[in-house]
Amino acid sequence: MSTDEAIEAPLAPVRTRPRPRPRARVLSRLAGSAPAPPRPSTILHNAGVATAVLLALVAIGSLIHEPVLIPPLAASAAIIYGVPQLPLAQPRSVIAGHLLCAAVGFGVLAALGSSSWAAALAAGIGLAVMTVARTAHSPAAATSVVIVLHSPDPATFVPLLVGSAALLVLGGCASAYARRGAARYPVYWW
């Protein structure tokens, strides 16, 4: 075939997919696909362990007459026992995240006092510090809020916080090993 014939030869039609209508594209993206629900036995096991650990924390707090951080620790328990594979659930993020946000909370409390405005600022700064330290754990931001709003004594509050976070992590480890076929926890320690 000469070059003149190649130029004159008809080109094969290019097949293109019809573009979906914009509305259909948006709806298909919103629909997504959620993961399959866990088995009822998994739900009962995880909820039972989380509840037992949180009740133990309340008992410890009652014995030493120190308020226990139920809101942030309950959220931490939900992440550890609900989605143990996430980076947010790993011991590094749980323990270091709470400690960093406690430091931020006490710093903001010392600088600005106890107010809702200062608590919001402490939560934002805490999230930034955790991000920089690669210890993101969103419930820990609530720790800084609790500190700013309730002004606890650091000498008793910080050890209780560290012990509570460690107890949640150890409960997650025990839960993962106690149940055959459970998700591995932790994926990494540090």
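Here, every reference points to the structure presented above.
Residue numbers run consecutively from 1 along every chain, following the written order of its sequence. Where totals are concerned, whole chains, interfaces and linings use all residues; where local detail is concerned, this predicted model gives features only for residues with pLDDT of at least 70, and gives and counts side-chain atom pairs only at 80 or more. Calculation of side-chain values draws on the structure's entire complement of heavy atoms; hydrogens and water are dropped beforehand.

**Q** Where do I start with the layout of surface pockets in this structure?
**A** Which parts of space are left empty comes out when a probe the size of a water molecule is rolled across the atoms. Here a cavity denotes a set of grid points, spaced 1 Å apart and computed over the protein atoms alone, in which a 1.4 Å probe fits but from which it cannot get out, and a pocket denotes an open set meeting protein on both sides within 12 Å along at least five of seven lines; residues with an atom within 4 Å of a point are reported as lining. Grid points are joined across faces, edges and corners, and a volume is the space filled by probe spheres set on the points. Considered as a void within the structure, the largest pocket measures approximately 410 Å³ in volume. Around the largest pocket sit 22 residues that line it, and Thr42, Asn46, Tyr81, Pro84 and Ala183 are the ones nearest its centre. Helix and strand assignments follow DSSP, with helices taken as H or I runs no shorter than four residues and strands as E runs no shorter than two, numbered in order from the N terminus. For the lining of the largest pocket, the secondary structure elements donating two or more residues are helix 3 (40-63), helix 4 (70-82) and helix 8 (154-178). At five residues, the largest contribution of residues to the lining of the largest pocket is made by helix 3. When residues are grouped by polarity, Ala, Val, Leu, Ile, Met, Phe, Trp, Tyr, Cys and Pro land in nonpolar, Asp, Glu, Lys and Arg in charged, and all others, Gly among them, in polar. Looking at the lining of the largest pocket, its residues break down into 11 nonpolar, eight polar and three charged.

**Q** Looking at this structure, how should I read the environment of Pro186?
**A** You can see Pro186 is positioned in the segment after helix 8. Here the alpha-carbon distance between Pro186 and Pro91, two residues 95 residues apart in the chain, equals 7.0 Å. Contacts between residues were defined by any pair of non-hydrogen atoms, one from each residue, lying within 4.5 Å. Filtering out sequence-adjacent residues up to four positions away, Pro186 remains in contact with Gln90, Pro91 and Cys173.

**Q** Can you walk me through unusual backbone geometry in this structure?
**A** A negative phi angle is the norm for most residues apart from glycine, just as the trans form is the norm for most peptide bonds. In this model, Tyr185 is joined to Pro186 through a cis peptide bond whose omega is -5 degrees. In this structure, Arg134 takes a positive phi of about 55 degrees despite not being glycine. Mapped onto the elements, Arg134 comes out in the loop between helix 6 (116-132) and helix 7 (138-150). When a residue's accessible area, from a 1.4 Å probe over protein chains only, is under 20% of the maximum for its type it is buried; when over 50% it is exposed; and in between it is partly exposed. We classify Arg134 as exposed; its relative accessible area is 63%.

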